[in-house]
Amino acid sequence: MEIVFSCIDDSAARFRLEGASTSFANAFRRAMMGEVPSLAIEGVRIYDNTSALFDEMLAHRLGLIPIRTEPGCYVQREKCTCEGSGCDRCSVTYTLSVEGPGMVYSRDLIPQDPRAVPALDNIPIAKLTKDQKVVLEARAVMSTGKVHSKWQPTTACGYKNYPEIEVSDRCDACGQCVDECPRGILITTGGHVTVIEGRLEECSLCRLCERACLNTGIGEESAIRVKSDGSRFIFVVEGDGSLTVREVIEKALEYLKSESDELCEKIGELSGVTGDEEDKDE
Ligand code: SF4
Ligand code: SF4
Ligand SMILES: [Zn+2]
């Protein structure tokens, strides 16, 4: 199995996963979205709120602000020794005090731990007019997207099968499929149609080109055939800033490895064979 990056920066990545099954690709996608822990605001104590927003709306908006989560600094609430009641190992507290006129931004949340700042400092929370104010304390905790989507470190995370396009000798370069392709990746050249170099991955597998070819009266089978490779996947992952996309990918792979190790161990226990004995047999 191999991962080949086409592009990656802190907030987005596009890569190919090669030599994997559909089940693994889907487990990987779900792990990135739901099993990578990050910080998100879970509790808010409002001392004063004379803004136009209800307290509940204000708390909801705070919960959706991505919080920078340095790997290894905090433990997941569900695994913490405090058993979910909240302590310094699994949570961070913030204070916010703003008086109008003006906008309350995410940067107005002052963390007790300077590493756990909001990932973006200019997210608007509430607009205050003269004499309105918001004073509150908030607590962010470490948890995962499986518990609530506010803990998902990805804003977009999806894959598609790698496209394969074949053109048979029956193609007469009429260009109907070229006009039909919504991604504009086909071109007629040398008496037949072909994919523009470097643009194959843009194919959405919509098969409109096949339909256009059939509509030319070519017969039962179209001269262009679009297939998908069942062992290669194109992933696009965008992060919300709580972790870098590379951190999200690494943590998701670590999670999958630990889960599969645990499963192997359990199967070994059930069948009465330990990992050491298996090694000796080999
Ligand atoms: S499947 Fe769709 S996107 Fe791909 S080449 Fe055909 S028309 Fe274009
Ligand atoms: S529509 Fe069919 S025959 Fe015409 S260029 Fe496309 S593949 Fe060739
Ligand atoms: Zn704790």
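Residues numbered from 1 in each chain as written. Chains lettered and ligands numbered in written order. Predicted model: local features only at pLDDT ≥ 70, side-chain atom pairs only at ≥ 80, totals over all residues.

Caption draft 1: Broad picture of the site of ligand 2. Around ligand 2, a shell composed of 16 residues is seen, among which C171, C174, C177, C213 and I224 lie nearest. Listing elements by their share of the shell around ligand 2, those giving two or more residues are α3 (176-180) and α4 (208-214). Across the shell around ligand 2, the residue classes break down as eleven nonpolar, four polar and one charged. (Near = placed C-beta within 6 Å. Helix = DSSP H or I, 4+ residues; strand = E, 2+ residues; numbered from the N terminus. Nonpolar A, V, L, I, M, F, W, Y, C, P; charged D, E, K, R; others polar.)

Caption draft 2: Looking closely at the sheet that holds strand β6 (residues 110-111). With respect to topology, four strands assemble into an open sheet ordered β3-β8-β4-β6, the strand pairing being antiparallel. Lying at the two open borders of the sheet, with one neighbouring strand each, are β3 (38-49) and β6. Bridge analysis of strand β4 (residues 91-99) against β6 gives two bridges, and the strand direction is antiparallel. Each bridged residue has a counterpart across the sheet, and for T95 the counterpart in β6 is I110. Contacts between helix α2 (residues 55-63) and the sheet are confined to β3 and β8 (133-143), with β3 contributing the most and set at about 150° to the helix. (Pairing = 2+ DSSP bridges. Contact = placed C-beta atoms within 7 Å. Axes fitted to C-alpha atoms, helices over the stretch in contact; angles between N-to-C directions.)

Caption draft 3: Fine view of the domain arrangement of the chain. Assigned domains of the chain: these are domain 1 (2-34 + 155-237) and domain 2 (38-147). Computed over C-alpha atoms, the centres of domain 1 and domain 2 are 42 Å apart. (Domains from an automatic or database assignment.)

Caption draft 4: Main features of the site of ligand 1. Not every one of the 15 residues close to ligand 1 is listed here, only the nearest: C181, C203, C206, L208 and C209. Tallied by class, the residues present in the shell around ligand 1 amount to eleven nonpolar, one polar and three charged.

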